[in-house]
Amino acid sequence: MTRRPSVDQAVGLLEGELRAGQRALADLGTEDVWQAFLRFGRRLFDVSEASDGDGLLFQYGTYSFDGPPTFTVDLTRQFQICDADGDHDHYMQVHCEVRYGTGPGLEALGSFNSWFFHDAGDDLEEWARELTALSAWTTVRTVTPTEIRVFQEQV
């Protein structure tokens, strides 16, 4: 039986998927990042078996978290962290933010989010197909990112 990686390894594994094509983050396009995130999303981790123990979030919108407003696609993996008794303690999120700047075409997309959970009985490939069928994806995938950030946070 193959041992599943721990949540502590998640950032490094996502960064490894992003570097899989031997290109710098600054040279990746939106489709490259999406495919790397899906490869990362297919990997199963050693987490709680709760239905929300391991989830993927696809969200976009225009935000100004740490500067001027920027259209951002945020690809997130969320893990439920349990205490010694097996009860929920907190969530750990690993983000891959793809930032684009602003423009009327991007701002017109508004905001959107969609979750996928591994143990909820849904199909990851179907979820991914539904997202890339969105008209917003047609717009976003043709725009060159201005920045790609990978980070982890506790929520």
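Thresholds applied
- Residues numbered from 1 in each chain as written.
- Predicted model: local features only at pLDDT ≥ 70, side-chain atom pairs only at ≥ 80, totals over all residues.
- Heavy atoms only, no water.
- Phe/Tyr/Trp six-rings, centres within 6.5 Å; stacked < 30°, edge-to-face > 60°.
- Buried < 20%, exposed > 50% of the residue type's maximum accessible area, 1.4 Å probe, protein only.
- Helix = DSSP H or I, 4+ residues; strand = E, 2+ residues; numbered from the N terminus.
- Contact = heavy atoms within 4.5 Å.
- Core = buried A, V, L, I, M, F, W, Y, C linked by side-chain atoms within 4.5 Å.
- Pairing = 2+ DSSP bridges.
- Patch = residues over 30% accessible without salt bridge, like charges linked within 9 Å, V, L, I, M, F, W, Y side chains within 5 Å.
- Areas by Shrake-Rupley, 256 points an atom, 1.4 Å probe, with all protein chains shown as cover.
- Salt bridge = Lys/Arg side-chain N within 4 Å of Asp/Glu carboxyl O.
- Lys, Arg positive; Asp, Glu negative; His and termini not counted.
- Charge placed at Lys NZ, Arg CZ, Asp CG, Glu CD.

## Observations concerning the packing of aromatic side chains
Tallied over the full model, the rule gives 15 aromatic pairs. A centroid spacing of 5.8 Å and a plane angle of 70° characterise the contact between Phe40 and Phe45, whose relative ring orientation is edge-to-face. A relative accessible area of 1% means that Phe45 is categorised as buried. Seen in terms of ring centroids, Tyr60 and Phe71 are 5.7 Å apart; in terms of plane orientation they differ by 40°. Their pairing is tilted. Pair noted here: Tyr60 is in strand β1 (residues 54–63) and Phe71 is in strand β2 (residues 70–82), with a separation of 11 residues, a long-range link. Neither residue differs from the other here; Tyr60 and Phe71 are each classed as buried.

## As for the side chain of Gln93
Mapped onto the fold, Gln93 is located in strand β3 (residues 88–99). The class of Gln93 is buried, set by a relative accessible area of 10%. Among residues more than four places away in sequence, those in contact with Gln93 are Thr76, Arg77, Gln78, Trp115, Phe151, Gln152, Glu153 and Val155.

## Section: the nonpolar core
By size, the foremost hydrophobic cluster in this structure holds 37 residues, and its most contacted members are Trp34, Phe58, Val73 and Cys96. It is helix α2 (residues 30–42) that contributes the most residues to this core, six residues altogether. For Trp34, the residues in contact, after removing those within four places along its chain, are Phe58, Leu75, Trp127, Ala128, Leu131, Thr132 and Trp137.

## Observations concerning the pairing of β2
The two faces of the sheet receive side chains in turn, since in a regular strand these alternate between them. Taken across its 13 residues, β2 has 11 buried, putting it largely inside the fold. In the sheet, β1 pairs with β2 via 10 bridges, with the strands oriented antiparallel. Bridge pairing links Thr62 to Phe71 in β2. Here β1 folds back onto β2 in antiparallel fashion, the turn holding six residues, of which Gly67 has a positive phi close to 160°. The antiparallel pairing of β2 with β3 creates a hairpin that spans five residues between the two strands, and Gly86 there sits at a positive phi of about 85°.

## Things to note about a negative patch on the surface
Side chains of Asp83, Asp85, Asp87 and Asp89 sit close together on the surface and give a patch of like negative charge. With respect to the helices, strands and loops of the structure, Asp85 is situated in the loop between β2 and β3. The exposure class of Asp85 is exposed, given its relative accessible area of 67%.

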